[in-house]
Amino acid sequence: MNIVVFGAGGRAGRQVVAEARRRGHQVTAVVRDPARHNNLADVRIVAGDVTDAVTIAAVAAGHDAAISAAVDLSVSPHDFFTASSRALATGLAKAGVRRLVVVGLASIMPGASGAALMDEPGYPNEYRSFYLGHAAGLEELQTCDLDWAYMAPAGDFDHEGTRTGHYRLADHGDAASRISYADFAIALLDEIEAPRHHRVALSVREL
């Protein structure tokens, strides 16, 4: 397949690119500054802005599916995630790319109580504006016509974790859960190769 990855230079994005190449897919890695990411081997690296629909349409043309792991911490989370969702919806549709998998955030997934993890007692909320930005971006996705899946770690990433090749999916979060970036990337690529979940938010957790 030909897969375009937005935010390919971040921790999740790099693992997505590596997993896609491991499976033999052709990858276009979209980053803000290609000069900073020459360590992305054996892929086409292009400059792009995930909040600009015209750019997205241009770089996504000719691809079979898209993954977005993009984030910009220099701007308001609400502004970034809503703008990127709208731009992806418009730009990918114009490029004829129907399947989109988005890297999400555990904090906005429902926890054991049914409420979002960020609203459960004791959950750390010093980054609440970031959580709310993700939630607003998901709300934008829910209004578009793409075949999307929003996939978040069930709790957080195990930053030192290695690839086990295993994971499981759930419709709820778990603040204590950890998964490696590499195993998370496997889940994303599985949904690209054989889409089983459509227009839903999922959590990815260790097996």
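Look up: the structure comes first, before these words.
Residues numbered from 1 in each chain as written. Predicted model: local features only at pLDDT ≥ 70, side-chain atom pairs only at ≥ 80, totals over all residues. Heavy atoms only, no water.

Examining the overall build of the chain
Alright, step 1. Within the chain, the secondary structure is distributed over 5 helices and 10 strands.
Alright, step 2. A compact globule built from 207 residues should have a C-alpha radius of gyration of about 17 Å, and the chain, at 16 Å, falls within 12% of that.
Alright, step 3. If one aligns the C-alpha atoms of the chain with their principal axes, the spans along those axes are about 45 × 35 × 30 Å.
Alright, step 4. Expressed as a percentage of its 207 residues, the buried residues of the chain come to 53%. (Helix = DSSP H or I, 4+ residues; strand = E, 2+ residues; numbered from the N terminus. Rg over C-alpha atoms; globule rule 2.2 N^0.38 Å. Buried < 20%, exposed > 50% of the residue type's maximum accessible area, 1.4 Å probe, protein only.)

Quick look at the sheet that holds strand 4 (residues 65-68)
Alright, step 1. If you walk across this open sheet you meet the 8 strands as 3-2-1-4-5-6-10-8, and the pairing is mixed. The strands lining the two open edges of the sheet, one partner per strand, are strand 3 (44-47) and strand 8 (168-170). In this sheet, neighbouring strand axes are inclined to one another by 25 degrees on average, regardless of whether the strands run parallel or antiparallel.
Alright, step 2. Taken together, the 5 bridges between strand 6 (residues 147-153) and strand 10 (residues 200-205) define a ladder with parallel strand orientation. What sits directly across from A152, in strand 10, is S203.
Alright, step 3. Those strands touched by helix 4 (residues 128-141) are strand 5 (99-103), strand 6 and strand 10, and its axis lies near 160 degrees from that of strand 6. (Pairing = 2+ DSSP bridges. Axes fitted to C-alpha atoms, helices over the stretch in contact; angles between N-to-C directions. Contact = heavy atoms within 4.5 Å.)

A word on the environment of L40
Alright, step 1. Structurally, the position occupied by L40 is in the loop between strand 2 (26-31) and strand 3.
Alright, step 2. Considering only alpha carbons, one finds L40 and G9, 31 residues apart in sequence, at a separation of 7.8 Å.
Alright, step 3. Contact partners of L40, with chain neighbours within four places excluded, come to A8, R14, V17, A29, V31 and I45.

What to know about the environment of T164
Alright, step 1. By the element assignment, T164 lies in the loop between strand 7 (156-158) and strand 8.
Alright, step 2. It is 31 Å that separates the C-alpha atoms of T164 and L146, two residues lying 18 residues apart in sequence.
Alright, step 3. At 2.6 Å, the side chain of T164 and the side chain of D183 are in polar contact. (Polar contact = N/O pair within 3.5 Å; in protein donor to acceptor, adjacent residues only side chain to side chain.)

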